[in-house]
Amino acid sequence: MRKNLFLNKQKLILFFLLIVSSYVFGQTITPFLDPSVKFVKTMNSFNLLAERTDGKVWFTADKTKLKLQLLNENGTLNSFSLDIHTNVNALASVANNKVLVGGNFTSYNNTTVSARIVRLNADGSRDFDFSASSNANEVTALYILPNGKIMVGRNTQIQRLNEDGTTDTSFATVTTNGKVNDFVVSSNDYVIAVGDFTTVNGNTKNRIVSIKPDGTIDTVFNMRTGFGALVNKIRTSADDKLYVVGNFASYKGTTVNGIAKIDLNGNLDTAFHNTT
């Protein structure tokens, strides 16, 4: 029974990833549907997903990402549903089936949110043990580090929080001139941030930057002219490199058309691009 639930959960996550991918890249994808998994019929869009350890999935619905909902492991819709009223831009699952929610909202379920980020309990109620300092900058990305600390991307700012939401003072807050869309941590424990910025701490960094554990900028990362347009996502590869996806057509002057594979020093993986 547990194995079947696990397989159903994986198929469910795959289904939503396919839907999200088709939305982002404008492709028509018809995935194989497992008849043992129920799916919710909706006219809304699924924008963000955060899988829990119990197999349930937090997600935002509505084209404007204003509603937070929960999907059961078997694909049925959970009774929890809450209108946020302002955009939710990021979800990140944490321990005990809790979730971090970030966006541009200033309240959650009639309680004040001064930092544009909250942590929710498994039932969707607010976890008041998480308390971030007041910050008016919109939260655009969240990433949980292996040590449990939290990378927070904002419109014009990158910061690191402790697990309880307090500011990690051992990390120097980074300033940008645009939104941060995604993070990944590399094998050398540096954080790579991507987004729609062109400067970081006043220096030219076109939509990608490598950050040391103390918050200082990695100057060895050779991104030169960087990406020519918006970067949406970044992920690590099996061979310890980085996949970058976005609306760009070039990286460091080389045509790459929306996807690039680079190493941890910022160099383009020519073997990958010569075969694509």
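Residues numbered from 1 in each chain as written. Predicted model: local features only at pLDDT ≥ 70, side-chain atom pairs only at ≥ 80, totals over all residues. Heavy atoms only, no water.

(A) A look at the overall build of the protein. Within the protein one finds two helices and 21 strands. In the protein, buried positions account for 48% of the 276 residues. Residue pairs at least 24 apart in sequence account for 36% of intrachain contacts in the protein once pairs closer than 6 positions are excluded. A total of about 13500 Å² of accessible surface is found on the protein, and carbon and sulfur atoms cover 49% of it. (Helix = DSSP H or I, 4+ residues; strand = E, 2+ residues; numbered from the N terminus. Buried < 20%, exposed > 50% of the residue type's maximum accessible area, 1.4 Å probe, protein only. Contact = heavy atoms within 4.5 Å. Areas by Shrake-Rupley, 256 points an atom, 1.4 Å probe, with all protein chains shown as cover.)

(B) Representation of the sheet that holds strand β17 (residues 231-236) within the structure. Spatial strand order, β17-β18-β21: three strands in an open sheet with antiparallel pairing. Sheet topology places β17 and β21 (259-262) at the edges, where each strand pairs with a single neighbour. In this sheet, neighbouring strand axes are inclined to one another by 20 degrees on average, regardless of whether the strands run parallel or antiparallel. Here four bridges tie strand β18 (residues 242-246) to β21, and the two strands are oriented antiparallel to one another. The residue of β21 that forms the bridge with Tyr243 is Lys261. (Pairing = 2+ DSSP bridges. Axes fitted to C-alpha atoms, helices over the stretch in contact; angles between N-to-C directions.)

(C) Molecular detail of the sheet that holds strand β9 (residues 117-120). If you walk across this open sheet you meet the three strands as β5-β6-β9, and the pairing is antiparallel. Of all the strands in the sheet, just β5 (88-94) and β9 have a single pairing partner and so form its edges. Going from strand to strand, the sheet's axes swing by 20 degrees on average, the running direction of each strand aside. The sheet contact formed by β5 and strand β6 (residues 98-103) spans six bridges and is antiparallel. When the bridges of β6 are listed, Ala90 appears paired with Gly102.

(D) The arrangement of the pattern of salt bridges in detail. Summed over the entire model, instances satisfying the criterion amount to eleven salt bridges. As a salt-bridge pair, Asp127 and Lys98 come within 2.9 Å of each other at their nearest N and O atoms. Here Asp127, found in the loop between β9 and β10 (139-144), pairs with Lys98, found in strand β6; they are 29 residues apart in sequence, far enough to count as distant. Comparing Asp127 with Lys98 shows no difference in burial state: the two are buried. Among the salt bridges present, the one from Arg235 reaches Asp182, with a minimum N-O distance of 2.6 Å. (Salt bridge = Lys/Arg side-chain N within 4 Å of Asp/Glu carboxyl O.)

(E) Up close: the side chain of Asp168. Inspection of the secondary structure assignment puts Asp168 in the loop between β11 (150-161) and β12 (174-185). Excluding residues within four positions of it along the chain, Asp168 makes contact with Lys149, Arg160, Leu161 and Asn162.

(F) Broad picture of the nonpolar core. With 18 residues, the main nonpolar core has Ile208, Phe227, Ile234 and Ile262 as its most contacted residues. Looking at this core, the elements that each hand over two or more residues are β13 (191-195), β17, β18 and β21. Those residues within four positions of Ile234 in sequence are excluded, and the remaining contacts are Asp182, Phe183, Val184, Ile192, Val194, Ile208, Leu242, Tyr243 and Val244. (Core = buried A, V, L, I, M, F, W, Y, C linked by side-chain atoms within 4.5 Å.)

(G) How the structure looks around the packing of aromatic side chains. Under the defined criterion, the tally for this structure stands at four aromatic pairs. Between Phe227 and Tyr251, the aromatic rings sit 4.5 Å apart at their centres with planes inclined by 35 degrees, giving tilted as the arrangement. One end of the pair, Phe227, is in the loop between β16 (208-211) and β17; the other, Tyr251, is in strand β19 (residues 250-251), and 24 residues separate them in sequence. Overall, the relative accessible area of 1% leaves Phe227 in the buried class. (Phe/Tyr/Trp six-rings, centres within 6.5 Å; stacked < 30°, edge-to-face > 60°.)

(H) Structural view of the layout of surface pockets. There is about 160 Å³ of room inside the second largest pocket. Forming the boundary of the second largest pocket are Val94, Ala95, Asn96, Lys98, Leu100, Arg119, Ile144, Gly148, Ile150 and Glu163. Tallied by class, the residues present in the lining of the second largest pocket amount to five nonpolar, two polar and three charged. (1 Å grid on protein atoms, 1.4 Å probe; cavity = no way out; pocket = protein on both sides within 12 Å on 5 of 7 lines; lining within 4 Å. Points joined across faces, edges and corners; volume = space filled by probe spheres on them. Nonpolar A, V, L, I, M, F, W, Y, C, P; charged D, E, K, R; others polar.)

(I) Here's a closer look at the confidence of the model for the protein. Residues with a pLDDT of 70 or more make up 81% of the protein, whose mean pLDDT is 86. Below pLDDT 50 for its whole length, residues 1-43 participates in 46 contacts with residues either more than four positions away or in separate chains. (pLDDT = per-residue confidence, 0-100.)

(J) Local environment of unusual backbone geometry. Notably, Thr156 is not glycine yet its phi reads approximately 90 degrees, a positive angle. According to the relative accessible area criterion, Thr156 is partly exposed, its value standing at 30%. Residue Lys252 is not a glycine yet carries a positive backbone phi of 55 degrees. Looking at where Lys252 falls in the secondary structure, it is placed in the loop between β19 and β20 (254-255). With relative accessibility at 15%, the residue Lys252 sits in the buried group.

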